[in-house]
Amino acid sequence: MAQQPFLERILISEEQLATRVQELGRQISADYRGKKPLFVGILRGCILFYSDLIKNVSVDCTLDFMCLSSYSGTSSTGHVRTMLDLRESIQDRHVIIVEDIVDTGLTLEYLQNHLKDRGAASIEICCLLDKPANRKVEVHPKYVGFTIKDEFVIGYGLDYNELYRNLPYIGVFKKQ
Ligand code: IMP
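These figures come from a predicted structure and were not determined experimentally.

Caption draft 1: View of the pattern of salt bridges. For the structure on display, the rule yields 9 salt bridges. Its salt-bridge partner being E162, residue R44 comes within 3.1 Å of it at the nearest N-O pair. Residue R44 is found in the loop between β2 (38–43) and α2 (47–55), and its partner E162 is found in the loop between β8 (153–154) and β9 (170–173); the two are separated by 118 residues along the sequence. E162 sits in the partly exposed class, given a relative accessible area of 43%. For R165, the salt bridge is made with E162, and the minimal N-O distance between the two is 2.8 Å. By sharing partners, the salt bridges in this structure join R44, D159, E162 and R165 into a single network.

The following block contains the structure:
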């Protein structure tokens, strides 16, 4: 592939993503047998990960989405807002939050606080990427695809100013 001007290097290839996402789907299927989990995708970063993940889930499940906002360019504003809320009730449901990346942890902390009074039977987090170096608050994702260094990454749903979500791999963004 020709070198792209916005790309420092490819960090996780399409093949590595496919293999790991398949493993996560199998693990979730084993853990949630008979529980009909509700997958809550956090838009928009989750889209490619979410659709590949649920294709690898073999138990009955339902799908819903939320849209949160906290980022501007390559830095978190630290102020999380709900742009789109769930359509389904999570009362007595086994919820799996599907997120692209955990960085400071502020988004997931906000989300867990926001959902905790809605009566879910359980809430777990499944994130494709974990960037623990930048953590400001404690969050504990049960399912993690890859742990990465503190670099700004794009592709496979992740953006820089809304661009590059369509790349089929995860790459390190080259700052101009
Ligand atoms: P947190 O609230 O700092 O944990 O950030 C979570 C959100 O920040 C993610 O859902 C992403 O949308 C965004 N984010 C964090 N790191 C990156 C990155 O390296 N590339 C693209 N988006 C990122």
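Caption draft 2: Spatial organisation of the site of the ligand. Neighbouring the ligand are 16 residues, the closest being D100, T104, G105, T107 and V153. Measuring from a nitrogen atom of the ligand, one finds a backbone N or O atom of V153 at 2.6 Å. Alone, the ligand offers 490 Å² of accessible surface; in the complex the protein occludes 93% of this. Elements supplying a minimum of two residues to the shell around the ligand: β5 (94–102) and α3 (106–115). Tallying contributions element by element places β5 first for the shell around the ligand, with 4 residues. Taken together, the residues of the shell around the ligand sort by class into 7 nonpolar, 3 polar and 6 charged.

Caption draft 3: Seen up close, the sheet that holds β9. Within the open sheet, the 3 strands sit side by side as β1-β9-β8. Their pairing is antiparallel. Across the chains shown, the open sheet's two edge strands, defined by having one partner strand only, are β1 (7–12) and β8.

Caption draft 4: Expanded view of the packing of aromatic side chains. Under the criterion given, the structure shown has 6 aromatic pairs. For the pair F6 and Y164, a centre-to-centre distance of 4.2 Å together with 25° between the ring planes defines the contact as stacked. Pair noted here: F6 is in the segment before β1 and Y164 is in the loop between β8 and β9, with a separation of 158 residues, a long-range link. Taken individually, F6 and Y164 each receive the classification buried, so the pair is uniform in this respect. Plain terms: the ring middles of F152 and F173 are 6.2 Å apart, the flat faces sit at 75° to each other, and that makes the pair edge-to-face. With F152 in the loop between β7 (143–147) and β8 and F173 in strand β9, this residue pair connects regions lying 21 residues apart in the sequence. Assigned by exposure class, F152 and F173 land together as buried.

About the criteria used
- Residues numbered from 1 in each chain as written.
- Predicted model: local features only at pLDDT ≥ 70, side-chain atom pairs only at ≥ 80, totals over all residues.
- Heavy atoms only, no water.
- Salt bridge = Lys/Arg side-chain N within 4 Å of Asp/Glu carboxyl O.
- Helix = DSSP H or I, 4+ residues; strand = E, 2+ residues; numbered from the N terminus.
- Buried < 20%, exposed > 50% of the residue type's maximum accessible area, 1.4 Å probe, protein only.
- Near = heavy atom within 4 Å.
- Polar contact = N/O pair within 3.5 Å; in protein donor to acceptor, adjacent residues only side chain to side chain.
- Areas by Shrake-Rupley, 256 points an atom, 1.4 Å probe, with all protein chains shown as cover.
- Nonpolar A, V, L, I, M, F, W, Y, C, P; charged D, E, K, R; others polar.
- Pairing = 2+ DSSP bridges.
- Phe/Tyr/Trp six-rings, centres within 6.5 Å; stacked < 30°, edge-to-face > 60°.

Coordinates in, geometry out; function isn't part of it.
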